[in-house]
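A closer look at the structure
The lines below spell out each chain.
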Amino acid sequence: IERLQREFPQDWQAILEAGNERPPLTLRANRRANTRDALLDTFRGAGIAATPVGAEGIIVQSPKPVQQLPGFDAGAFSVQDAGAQLAAPLLRAADGMRVLDACAAPGGKSTHLAELADLSLVALDESAPRLVRVRENFARLNLMTPRVEIVNGDAGEPATWWDGRAFDRILADVPCTASGVIRRHPDGKWLRREADLAGFARQQARILDALWPLLARGGLLLYATCSLFEAENEAQVVGFVARHGDVLREPLVFASDVALRGGQLLPSLPGASHNQDGFFYALLRKD
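Structural notes, computed from the coordinates. (Residues numbered from 1 in each chain as written. Predicted model: local features only at pLDDT ≥ 70, side-chain atom pairs only at ≥ 80, totals over all residues. Heavy atoms only, no water.)

1. Brief notes about helix α8 (residues 194-211)
With 18 residues, α8 extends 27 Å from end C-alpha to end C-alpha; this agrees with the ideal 26 Å at 1.5 Å per step. Within α8 the residues assigned to the buried category are Leu197, Phe200, Ala201, Gln204, Ala205, Ile207, Leu208, Ala210 and Leu211. Buried positions along α8 lie against α1 (2-7), β5 (98-101), β8 (167-173), β9 (215-225) and α9 (234-243). (Helix = DSSP H or I, 4+ residues; strand = E, 2+ residues; numbered from the N terminus. Expected span 1.5 Å × (residues − 1). Buried < 20%, exposed > 50% of the residue type's maximum accessible area, 1.4 Å probe, protein only. Contact = heavy atoms within 4.5 Å.)

2. Observations regarding helix α5 (residues 108-116)
Summarising burial for α5: eight of the nine residues are buried, a large majority. For α5, every residue scored as buried is listed here: Gly108, Lys109, Ser110, Thr111, His112, Leu113, Ala114 and Glu115.

3. Things to note about the side chain of Thr225
Relative to the assigned elements, Thr225 resides in strand β9. Only 3.1 Å separates the side chain of Thr225 from the backbone nitrogen of Ser227, close enough to count as a polar contact. What Thr225 contacts, discounting residues up to four positions off in sequence, is Asp173, Val174, Cys176, Glu232, Asn233, Gly278, Phe279 and Phe280. (Polar contact = N/O pair within 3.5 Å; in protein donor to acceptor, adjacent residues only side chain to side chain.)

4. Observations concerning the sheet that holds strand β1 (residues 25-29)
Taken in spatial order, the four strands line up as β2-β3-β1-β4 in an open sheet, and their pairing is antiparallel. The open sheet is flanked by β2 (50-53) and β4 (77-79), the only strands paired with a single partner. For this sheet the average axis-to-axis angle between neighbouring strands, irrespective of direction, equals 35°. Pairing of β2 with strand β3 (residues 57-60) involves four bridges; the strand directions are antiparallel. Each residue of the ladder has a partner; that of Ala50, found in β3, is Val60. (Pairing = 2+ DSSP bridges. Axes fitted to C-alpha atoms, helices over the stretch in contact; angles between N-to-C directions.)

5. Considering the packing of α8 against α9
The geometry of α8 relative to α9 is characterised by a closest axis approach of 11 Å and an angle of 40° between their N-to-C directions. One way to sum up the angle between α8 and α9 is to call them oblique. Considering how the two elements wind past one another, α8 and α9 form a crossing that is right-handed. Contact residues: Ala201, Gln204, Ala205, Leu208 and Asp209 in α8; Gln236, Phe240 and Arg243 in α9. Partitioning the contact of α8 with α9 into residue classes produces four nonpolar, two polar and two charged. (Parallel < 35°, antiparallel > 145°, perpendicular 65-115°, else oblique. Left-handed = near helix turned anticlockwise from the far one by under 90°. Nonpolar A, V, L, I, M, F, W, Y, C, P; charged D, E, K, R; others polar.)

Put into structure tokens, the structure is as follows:
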């Protein structure tokens with residue numbers, strides 16, 4: 001609370017209130033399977049109240065197990081917060097590009113990338129058990145193709161898994177304190193300690209420094225966290241830019257009704273048009 005007061009003097013109370021709310025059930029329509037409007041029509045026909053959010057999102061008004069929603073087994077949608085749905089479009093990946101999702105599990109952003117363009121996609125994660133969920137999500141969404149590789153490896157140790165071919169785009173959704181998604185993981189209020197922040201910051205810097213050489217010149221790397229804390233976000237990016245002479249920070253463009261401060265999305269209270277979690281994004285181009 002004290003850290004939020006220091007870093008968000010105008011917003012800390014609203015952030016705390018949002019963290020105590022029950023989070024919405026937010027879906028992302030699979031554009032490879034149907035349109036968002038068609039999925040909304042299907043829900044209405046089944047008596048399920050739902051509203052659009054963002055470009056492809058849907059908020060289900062009365063949350064229920066997703067397996068009970070029409071179209072789940074057929075891969076019509078994924079479960080993904082409205083704030084997280086902004087990540088893949090920010091990378092501007094195009095057909096034919098080679099793309100890395102460096103911390104991919106459980107696969108929400110990887111599958112979104114695969115829905116947006118025909119890519120040579122590597123979904124990497126250091127946790128083999130969590131990669132099982134990634135494979136399941138790609139299979140359910142009918143996105144598993146020969147051009148999709150699901151790889152077990154540490155993003156901070158590319159020598160153990162990288163084949164030497166540069167990537168046009170890299171998504172680094174790094175481990176963090178998850179302070180921006182407290183409403184989804186309220187136990188974090190008690191489990192996290194002050195010392196955890198420095199540990200995560202070291203890990204984030206290690207991953208960023210290790211991934212940068214893998215990016216092709218002119219390529220884009222999207223740095224992302226689900227944290228609210230400056231040490232994991234803006235300070236992390238500023239430090240990275242200072243360590244590397246070939247980094248250009250690209251401007252980010254969001255819809256006018258997205259609550260944010262720079263690249264920091266603020267968690268929304270009920271009734272907000274986006275009703276998002278507290279993500280942070282920074283888009284970096286290799287000069």
